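Descriptive analysis of the structure
Given next are the chains, with one letter for each unit.
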Amino acid sequence: MVKLPPKKKQRFKKKHDSSQKPNGRRTIFSEAQKTPSEDKQKKPALDIPIFFGLYLGYKIWEKTKVWRPEEMHFVRGIPTIEETEAPYVPPRTLGEKIFEIVF
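Given the structure is predicted, the values throughout are model-derived calculations rather than measurements.

In terms of helices and strands, the chain carries four helices and zero strands. Order of helices (α) and strands (β) in the chain, N terminus to C terminus: α-α-α-α. The proportion of buried residues among the 103 residues of the chain is 2%. For the chain, the accessible area works out to roughly 11,600 Å², and carbon and sulfur atoms hold 62% of it.

Right, dumping it as C-alpha cells:
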C-alpha cells in the first residue's frame with residue numbers, strides 16, 4: 001500500500017472565500033464563471049444569421065417581393081397637412097381638461 005505524503009499546513013488564514021468580496025457580500029460571478037463582456041467576445045455574431053433567416057422566412061411565407069430603390073415612390077402619394085390633421089376638439093370633462101394640461 002502506497003502512503004501519501006502528509007498535507008501541508010496553511011501558513012496564513014484565508015480572509016475571505018473566493019466567491020465573496022472582502023466586505024462579506026457574495027459576488028454574482030465566481031472565478032469559474034465568466035463575466036458577460038467576456039462571453040460576448042468569444043461568441044460568434046449570431047444576430048446576423050438570425051436576422052437574415054427571419055427576413056427570408058417572412059419573404060417566403062408572405063410571398064412578398066423585394067423592391068428596388070427605383071420602384072419606391074417617396075414623393076408621390078404623400079397626404080397634405082390638412083388631410084392628416086383632425087379638427088381641434090376642446091376638452092369637455094374634468095378628466096379631459098387635466099389630461100390636456102398634463103400631456
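Turning next to helix 2 (residues 47-62). Helix length check: helix 2, at 16 residues, gives a terminal C-alpha distance of 22 Å against a target of 22 Å (1.5 Å per residue), a fit within 8%. Taken from the residues just after helix 2, Lys63 is the one with a positive phi, measuring 55°.

Time to look at the packing of aromatic side chains. Applying the stated rule across the entire model yields three aromatic pairs. Ring geometry for Phe51 against Tyr55: centres 6.2 Å apart, planes inclined by 15°, an arrangement best described as stacked. Placement of both Phe51 and Tyr55 in helix 2 is noted, with a separation of four residues, approximately one turn of the helix. Pairing Phe99 with Phe103 gives two aromatic rings, centres 4.9 Å apart and planes at 50°, and the pair type is tilted. In this pair, the class of Phe99 matches that of Phe103, namely exposed. Through a chain of ring-to-ring contacts, three or more aromatic side chains come together here, namely Phe51, Phe52 and Tyr55.

Topologically, Lys59 is positioned in helix 2. For the buried residue Lys59, which engages in no salt bridge, the nearest side chain bearing the opposite charge is Glu71, 9.8 Å off. A distance of 3.2 Å separates a polar atom in the side chain of Lys59 from a polar atom in the side chain of Thr64. If near-sequence neighbours (up to four positions away) are discounted, Lys59 is found in contact with Thr64, Lys65 and Val66.

This brings us to the environment of Glu71. Inspection of the secondary structure assignment puts Glu71 in the loop between helix 2 and helix 3 (81-84). With relative accessibility at 24%, the residue Glu71 sits in the partly exposed group. Apart from residues no more than four positions distant in its own chain, Glu71 is found in contact with Lys65 and Val66.

On to the pattern of salt bridges, then. By the definition in use, this model includes three salt bridges. Note that Glu71 and Lys65 form a salt bridge whose closest N and O atoms lie 3.9 Å from each other. We note a salt bridge from Glu71 to Arg68, for which the minimum N-O separation is 3.3 Å. Each of the salt bridges in this network shares a partner with another, and the network as a whole consists of Lys65, Arg68 and Glu71.

What counts and what doesn't
- Residues numbered from 1 in each chain as written.
- Predicted model: local features only at pLDDT ≥ 70, side-chain atom pairs only at ≥ 80, totals over all residues.
- Heavy atoms only, no water.
- Helix = DSSP H or I, 4+ residues; strand = E, 2+ residues; numbered from the N terminus.
- Buried < 20%, exposed > 50% of the residue type's maximum accessible area, 1.4 Å probe, protein only.
- Areas by Shrake-Rupley, 256 points an atom, 1.4 Å probe, with all protein chains shown as cover.
- Expected span 1.5 Å × (residues − 1).
- Phe/Tyr/Trp six-rings, centres within 6.5 Å; stacked < 30°, edge-to-face > 60°.
- Lys, Arg positive; Asp, Glu negative; His and termini not counted.
- Salt bridge = Lys/Arg side-chain N within 4 Å of Asp/Glu carboxyl O.
- Polar contact = N/O pair within 3.5 Å; in protein donor to acceptor, adjacent residues only side chain to side chain.
- Contact = heavy atoms within 4.5 Å.

Honestly, that's just the spatial picture; any functional story needs more than this.
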